[in-house]
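Topology and contacts: notes
The lines below spell out each chain.
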Amino acid sequence: MEIKVALEKDSYSIIIEQGLINNLKAYVSDVFKGQKIMIISDDHVFPLYGKKVKEQLKDYQVNEIVIPHGETSKRFDILPSLYTQLLDYHITRTDLIIALGGGVIGDLAGFTAATYLRGVALIQIPTSLLAQVDSSVGGKTGVDLAQGKNLVGAFKHPMLVLIDPLTLKTLDPHFIKDGMGEVIKYGCIKDKHLFHQLLSYSSFDDLYQDIDSIIYQCINIKREAVEKDLFDFGDRLMLNFGHTIGHAIEQYYHYEKYSHGEAVSIGMCAMTAISEEMNLTKKGTLEKIKACLNLYGLPVTAHLSPNDLIKAISLDKKNIHNTFSFVLLKEIGESFIYKHNYNLILSLEEV
Ligand SMILES: O=C(O)C(=O)C[C@@H](O)[C@H](O)[C@H](O)COP(=O)(O)O
Ligand SMILES: [Zn+2]
């Protein structure tokens, strides 16, 4: 399957294909005509796929940077060590960075590619569910600061995204849950059929029979939003459903307790609880979302006071001069922007 993201000179293809990790060469050589490649990966993913990927790219000069896995590696102060290794290997402006890994690697390698020598080419090879359905597409890259998630970043479009759903077979169940948070988000904001499809499976193993098409559906929703509103001031904001609270929860626990997808799940429930209470959302929507999250083992509350989260929430990128663009649902499959200050969140007893 192929999806084309149409962004004029920054347009690119996304290929979804079982076994693609063993069949990369032609796709890469089609778009990249330079000499050197630096693979950026982590110590979980590189031992699984690094050798295979390098083997196929042996017509180029290829090296790798392997960092510790996990969100705590996606920090601002890791960047100098990445730039140093790129300089040491003499990566020039006509060379390529490949992000081989999950969302952390995609964001970090993407930001490195956006800023090193003012920008070098990037290919995303996402190996986690979250990266395949969401973060490898759309060009958002970045790192976290102590004050909050993704607070430094850049838009950097890959030349190509190569998705092999077979890589999900080696994924720890924790990372499947992480990705399912985003998959369910897509159903909630834009596609009630997808949402009901997700409810119809008995588990992720059951869902896996349709994984190619589910990845396709998620990316296609994202493609449409990104093509309409690349810089995130309109349609694209919908992709942030559950994220204002989700990012604050992640930061509150120093990225150690809840994964991104888990925190977003809690955020989706909190926002829908508020909007149902205000009669902005069809009654029963929260129960449906909770049922779907429960099915895939995702949390629906962190038992936190909203006051604990306010500091991080106030630094959210959707807060412009104290007015937030909150993403709410009218019902499953239909989202809208509701502008308000953060008092909206303080109306909750707990998050
Ligand atoms: O691509 C987008 O736009 C999204 O909002 C997708 C989100 O799932 C993703 O987590 C994104 O990185 C969050 O963006 P941010 O601008 O809130 O940092
Ligand atoms: Zn997200």
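Now for a quick tour of the structure. From a predicted model like this one, the values you see are computed outputs, not experimental measurements.

1. Some words on the environment of Leu239
By the element assignment, Leu239 lies in the loop between helix H9 (211-228) and helix H10 (243-252). Take Leu239: its relative accessible area is 8%, and that puts it in the buried class. Sequence separation between Leu239 and Asp134 is 105 residues; the distance between their C-alpha atoms is 9.3 Å. In contact with Leu239, not counting residues within four places along its chain, are Lys185, Tyr186, Ile189, Lys222 and Ala225.

2. Brief notes about the state of the cysteines
Per the stated rule, a full pass over the model turns up 0 disulfides. Of the cysteine sulfurs around Cys269, a residue in no disulfide, the closest is that of Cys188, at 8.6 Å. Cys292 takes part in no disulfide bond, and the closest cysteine sulfur to it belongs to Cys188, at a distance of 7.1 Å.

3. Points about the environment of Cys269
With respect to the helices and strands, Cys269 occurs in helix H11 (residues 260-277). Owing to a relative accessible area of 3%, Cys269 belongs among the buried residues under this scheme. C-alpha of Cys269 to C-alpha of Ser347: the two residues are 78 residues apart in sequence and 14 Å apart in space.

4. Some thoughts on the coordination of the zinc ion (ligand 2)
Six octahedral donors at a metal ideally form angles of 90 or 180 degrees, and four tetrahedral donors ideally form angles of 109.5 degrees. Around the zinc ion (ligand 2), the protein supplies Glu182 (OE), His243 (NE2) and His260 (NE2) as donor atoms, at distances of 1.9 to 2.1 Å. Sequence spacing of the donors to the zinc ion (ligand 2): E-x60-H-x16-H. One end of the pair, His243, is in helix H10; the other, His260, is in helix H11, and 17 residues separate them in sequence. Of the two residues, His243 and His260, both sit in the buried class.

5. Details of the sheet that holds strand S12 (residues 334-340)
Overall, antiparallel pairing links the 3 strands, which are arranged S10-S11-S12 in an open sheet. Among the strands making up the open sheet, the edge pair consists of strand S10 (319-320) and S12. Relative to strand S11 (residues 323-331), S10 runs antiparallel, the two being bridged by 2 bridges. By the bridge assignment, Asn319 is partnered in S11 with Phe324.

6. Topic: the packing of aromatic side chains
All chains considered together, the criterion is met by 6 aromatic pairs. Measuring from ring centre to ring centre gives 5.2 Å for Phe32 and Tyr60, while their planes differ by 35°; the resulting arrangement is tilted. Placement of Phe32 in the loop between helix H1 (25-31) and strand S3 (36-42) and of Tyr60 in the loop between helix H2 (46-56) and strand S4 (61-67) is noted, with a sequence separation of 28 residues between them. Here Phe32 matches Tyr60 in class, with each residue buried.

7. Overview of the nonpolar core
Counting 74 residues, the largest nonpolar core has Met180, Ile184, Leu198, Ile249 and Tyr296 as the members making the most contacts within it. Counting contributing residues, this core receives three or more from each of domain 1 (1-168) and domain 2 (175-345). Grouped together as the second largest cluster of nonpolar side chains are 22 residues, Ile37, Val45, Phe46 and Leu162 included.

8. Looking at the pairing of S3
Of all 7 residues in S3, 7 are buried, a share of seventy percent or more. Side-chain alternation along S3 places Lys36, Met38, Ile40 and Asp42 on one buried face and Ile37, Ile39 and Ser41 on a second face that is also buried. Taken together, S3, H2 and S4 constitute a β-α-β crossover, and its handedness is right-handed.

The rules behind each value
Residues numbered from 1 in each chain as written. Chains lettered and ligands numbered in written order. Predicted model: local features only at pLDDT ≥ 70, side-chain atom pairs only at ≥ 80, totals over all residues. Heavy atoms only, no water. Helix = DSSP H or I, 4+ residues; strand = E, 2+ residues; numbered from the N terminus. Buried < 20%, exposed > 50% of the residue type's maximum accessible area, 1.4 Å probe, protein only. Contact = heavy atoms within 4.5 Å. Disulfide = S-S within 2.5 Å. Donors = N, O, S within 2.8 Å, 3.2 Å for Na, K, Ca; no water. Pairing = 2+ DSSP bridges. Phe/Tyr/Trp six-rings, centres within 6.5 Å; stacked < 30°, edge-to-face > 60°. Core = buried A, V, L, I, M, F, W, Y, C linked by side-chain atoms within 4.5 Å. Domains from an automatic or database assignment. Right-handed = clockwise from strand over helix to strand, strands pointing away.

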